[in-house]
Amino acid sequence: MEERQIIKTEDLIFDYTVFDENGDETGKSRVLSDINLSIKEGSFVAVLGHNGSGKSTLAKHFNGILIPSSGKVLVDGIDTSDESRIYDIRQTVGMVFQNPDNQIVATIVEEDVAFALENLGVPPDEIRRRVDKALKTVDMYDYKDHAPHQLSGGQKQRVAIAGIIAMRPRCIVMDEPTAMLDPKGRKEIMATIKMLNKEHGITVVLITHYMEEAAKADRVVVIDKGKILLDDVPKKIFSQIELLKSVGLDVPQATELMYELRKSGIDVPDDIIDEEECVQVLYDILKSKE
Amino acid sequence: MLKDITIGQFFPGNSIIHRLDSRFKILLDIAYVVMLFIAGNYCSLLTAGVFMLIVYMLSGISFKLIFKSLKPLLPIIIFTCILNLFFIHGEGEPLVQLGFITIYMEGITTSVFMTVRIVFLIVGMSLLTYTTSPIALTDAIERLLSPLKKLHFPVHELAMMMTIALRFIPTLIEETDKIMSAQKARGANLDTGGLIKKAKALIPVLIPLFVSAFKRANELALAMECRCYKGGEGRTRMKQLKFGMRDIIAVLIMAAMIALIVLMNIYVVIPGV
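Residues numbered from 1 in each chain as written. Chains lettered and ligands numbered in written order. Predicted model: local features only at pLDDT ≥ 70, side-chain atom pairs only at ≥ 80, totals over all residues. Heavy atoms only, no water.

A.B. asks: What exactly am I supposed to notice about the pattern of salt bridges here?
C.D. replies: In the structure shown here, the tally under the stated rule is 30 salt bridges over all chains. The salt bridge involving A:Glu118 is made with B:Arg237; its shortest N-O contact spans 3.3 Å. With A:Glu118 in helix α3 (residues 109–119) and B:Arg237 in the loop between α10 (203–226) and α11 (245–267), the pair connects residues from two separate chains. For B:Arg237, a relative accessible area of 17% puts it in the buried group. A salt bridge links B:Asp139 to B:Arg143; the shortest N-O distance between them is 3.8 Å. Of this pair, B:Asp139 and B:Arg143 both sit in helix α7 (residues 134–145), four residues apart, which is roughly one turn of that helix. Take B:Asp139: its relative accessible area is 9%, and that puts it in the buried class. (Salt bridge = Lys/Arg side-chain N within 4 Å of Asp/Glu carboxyl O. Helix = DSSP H or I, 4+ residues; strand = E, 2+ residues; numbered from the N terminus. Buried < 20%, exposed > 50% of the residue type's maximum accessible area, 1.4 Å probe, protein only.)

A.B. asks: What is the right way to look at the sheet that holds strand β5 (residues 78–79) of chain A in this model?
C.D. replies: By way of backbone hydrogen bonds, the strands of a sheet pair with one another, either parallel or antiparallel. The sheet built from four strands is open, its strands ordered β2-β1-β4-β5 (chain A) with antiparallel pairing. One side of each edge strand has no neighbouring strand; the edge strands of this open sheet are β2 (25–40) and β5 of chain A. (Pairing = 2+ DSSP bridges.)

A.B. asks: When you look at the domain arrangement of chain B in this model, what are you seeing that I'm missing?
C.D. replies: Interfaces are often described in size by the accessible area the parts lose on coming together. For chain B, the assigned domains are domain 1 (8–132 + 243–267) and domain 2 (149–226). The C-alpha-based centres of domain 1 of chain B and domain 2 of chain B are spaced at 35 Å. (Domains from an automatic or database assignment.)

A.B. asks: Explanation requested: the interface of chain A and chain B in the structure shown.
C.D. replies: Between chain A and chain B, the contact holds 39 residues from the first and 28 residues from the second. Carbon and sulfur atoms make up 58% of the area that chain A and chain B hide from each other, which totals about 3,200 Å². Its largest share of buried area at the contact with chain B, chain A owes to A:Asn102, A:Glu118 and A:Asn119, together 21% of the area lost on that side. Seen at the junction of chain A and chain B, the total is eight salt bridges. A:Asp112 serves as the salt-bridge partner of B:Arg227, at 3.3 Å between the closest nitrogen and oxygen. (Contact = heavy atoms within 4.5 Å. Buried area = accessible area lost by both parts, 1.4 Å probe.)

A.B. asks: Just to check I follow, could you spell out the packing of helix α5 (residues 74–87) of chain B against helix α6 (residues 105–131) of chain B for this structure?
C.D. replies: Relative orientation and spacing of two packed helices are given, respectively, by the angle between their axes and the distance between those axes. Residues and elements named next belong to chain B. Between α5 and α6, the shortest axis-to-axis distance is 8 Å and the interhelical angle comes to 160 degrees. Taken together, the axes of α5 and α6 lie roughly antiparallel to each other. Crossing angle aside, the handedness with which α5 passes α6 is right-handed. The residues of α6 that touch α5, namely those facing Ile77, Thr80, Cys81, Asn84 and Leu85, are Gly107, Ile108, Thr110, Ser111, Met114, Thr115, Ile118, Val119 and Ile122. When its residues are assigned to classes, the contact of α5 with α6 shows eight nonpolar, six polar and no charged. (Axes fitted to C-alpha atoms, helices over the stretch in contact; angles between N-to-C directions. Parallel < 35°, antiparallel > 145°, perpendicular 65-115°, else oblique. Left-handed = near helix turned anticlockwise from the far one by under 90°. Nonpolar A, V, L, I, M, F, W, Y, C, P; charged D, E, K, R; others polar.)

A.B. asks: I keep staring at the pairing of strand β4 (residues 70–75) of chain A and nothing clicks. Help me out?
C.D. replies: Within a regular beta strand, the side chains point alternately toward one face of the sheet and then the other, so they alternate between its two faces. Residue and element names in this part refer to chain A. Bridge count for strand β1 (residues 5–19) against β4 is five bridges, and the pairing is antiparallel. Across the sheet, residue Ile13 finds its bridge partner in β4, namely Ser70. Here β4 runs beside β5; their pairing, made up of two bridges, is antiparallel. Across the sheet, the residue bridging to Leu74 is Asp79, located in β5. Counted between consecutive antiparallel strands, the loop separating β4 from β5 contains two residues, among which Asp76 sits at a positive phi close to 50 degrees.

A.B. asks: So what exactly am I meant to see when it comes to the packing of aromatic side chains here?
C.D. replies: Within a pair of aromatic rings, the relevant descriptors are the distance that separates the centres and the angle that separates the planes. Here the structure, examined in full by the defined rule, presents five aromatic pairs over all chains. Note on A:Phe14 and A:Tyr16: the rings are 5.3 Å apart at their centroids and 80 degrees apart in plane angle, and the pair reads as edge-to-face. The class of A:Phe14 is buried, set by a relative accessible area of 7%. Seen in terms of ring centroids, B:Tyr56 and B:Phe63 are 6.4 Å apart; in terms of plane orientation they differ by 25 degrees. Their pairing is stacked. Judged by its relative accessible area of 0%, B:Tyr56 falls in the buried class. Assessed through its relative accessible area of 38%, B:Phe63 is described here as partly exposed. A cation over an aromatic ring shows up here: B:Arg167 above the ring of B:Phe168, its NZ or CZ 4.5 Å from the ring centre. For the cation-ring pair, B:Lys230 lies above A:Tyr87, with the distance from its terminal atom to the ring centre recorded as 4.2 Å. (Phe/Tyr/Trp six-rings, centres within 6.5 Å; stacked < 30°, edge-to-face > 60°. Lys NZ or Arg CZ within 6 Å of the ring centre and 35° of its normal.)

A.B. asks: How do you make sense of a nonpolar patch on the surface when you look at a structure like this?
C.D. replies: Residue and element names in this part refer to chain B. Residues Leu27, Ile30, Val34, Ile38, Leu144, Val262, Leu263, Ile266 and Tyr267 make up a contiguous nonpolar surface patch of roughly 800 Å² in combined accessible area. Broken down by secondary-structure element, the contributors of at least two residues to the nonpolar patch are α2 (22–38) and α11. Take Ile38: it is sitting in helix α2. You can call Ile38 partly exposed: its relative accessible area is 31%. (Patch = residues over 30% accessible without salt bridge, like charges linked within 9 Å, V, L, I, M, F, W, Y side chains within 5 Å. Areas by Shrake-Rupley, 256 points an atom, 1.4 Å probe, with all protein chains shown as cover.)

A.B. asks: I keep staring at a negative patch on the surface and nothing clicks. Help me out?
C.D. replies: On the surface, a cluster of negative charge is contributed by A:Glu212, A:Asp250, A:Asp274, A:Glu275 and A:Glu276. Following the sequence through the fold, A:Glu276 ends up in helix α11 (residues 275–289). (Lys, Arg positive; Asp, Glu negative; His and termini not counted. Charge placed at Lys NZ, Arg CZ, Asp CG, Glu CD.)

A.B. asks: Can you walk me through α10(B) in this structure?
C.D. replies: Every α-helix winds through 3.6 residues per turn, so residues three or four apart in the chain are directed the same way. Given a rise of 1.5 Å per residue, 24 residues ought to cover 34 Å, and the 35 Å separating the end C-alpha atoms of α10(B) matches this to within 8%. Within α10(B), burial applies to B:Val205, B:Leu209, B:Ser212, B:Arg216, B:Leu220, B:Ala223, B:Met224 and B:Cys226. Those residues of α10(B) that are buried are in contact with α2 (86–92), β6 (93–96) and α3 of chain A together with α8 (155–185) and α9 (195–201) of chain B. Positive phi shows up at B:Cys228, right after α10(B), with a value of about 65 degrees. (Expected span 1.5 Å × (residues − 1).)

A.B. asks: Would you mind going over unusual backbone geometry with me for this structure?
C.D. replies: Among all residues except glycine, the phi angle is most often negative; among peptide bonds, the trans geometry is most common. Residues and elements named next belong to chain B. Notably, His152 is not glycine yet its phi reads approximately 65 degrees, a positive angle. Relative to the elements of secondary structure, His152 occurs in the loop between α7 and α8. For Cys228, which is not a glycine, the phi torsion comes out positive at approximately 65 degrees. As for its position among the elements, Cys228 is in the loop between α10 and α11.

Here it is in structure tokens:
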């Protein structure tokens, strides 16, 4: 069976039109240039980049919020510029944003999760079933009658995710979903994302600038100045420490530690990206010295 | 804390009154207001009052809340009372005459009557918001107004606006709190001075609040679009409003009450009113 590409961009270019104070057009500013990217169904892809690199703009192309200035974006084979299919596209690729407060519409958790389904005209019994299931999936079922402002940031973000997965999308694009959360909320969301990807087979595109989060993905795409700089598995990406630093990105702390140790002449592997591996390596070194 | 403000003053419960269909509750409340205005004498008015108290008891809402709902409207009640007291002119001799102030017997009776009516009105109306969640109210308003759609009245949009407003009130209150603390931390003086000075001091709070509200609106619109929002057309609802036997019984009781009041108006004659 051929591997299906859920999202595919072909020579994607996006320009912002720049206006002066009087609202006259004064020029164009290129945000994305020549992006060719294919995202395989079922994969977990992290898009890394520092502020202003164009990563959020790219994300907005994945479900037809923005239409390329030139080039194409295909979602499950549908061109996003085809306005008659826009709701099919948005049902296929759901999107979660940074601020959980600004994406919850209703005053009760379960009503909010039902919002997308109500918009799509799903029959009431079916909505009920899907809402309950979505809430159970993100482990928020016990809070279904709560008002959003009674919840913590991580819980609100999980409600927002439930609102998306109730639509049964095949892919979820998350635009810095943890940026406004505390460490506990961040952990909750990362666990939810991994679970959705591994257990439910939903393709996840995670836009982030946290290296630790990107390290958990199957594939990392680094964006800089509107171009794809690197595109590989996390271990390969994070071993290029100088290059990442030159574009204003960090590496995971574990990788950084290994890098510094190697510089001072201690023999450690260069593909360590998570803390547990790092602990193991340090343990082994200390053990061998005894 | 600003955060503790309750909106719509809804008190969740499971009484028969809570379980009535919210559409019917709104209509019954309107019928109750009509009933109060039909009631032409003390006997019928007090009957309406007793009826309301019975409904209160059924709803399990504490009687303390009756006074709570009256408190903010006290000035209006007193104003009506005084206005009626001084400006109703009777036929007989005035009871009190002090300069330009004259009080007649009729003035006292009308004033008491009107005050009692207003008190009953407020207390009865607040029962609606006490026993109906804001979301059920919005829903009911949307459905009750839906015939207006034929006249191109934006019923769905109105209901959506109400929902979003309700949703964001706590968020914006929290934000106001934060901005106020931030401005205070920079030495803004928000609590002292006269009325005008205080109002001026609010500008550095309101401007950031507005900016952030617009930003939120923008993001919310985006999030709604991502969830396939396309207006009221072809939309279904998860929670269906269903009316049952109890709603019909409630309507019948209300109709009987109105009939009783009308009969009392005609047959019970109290001298002096």
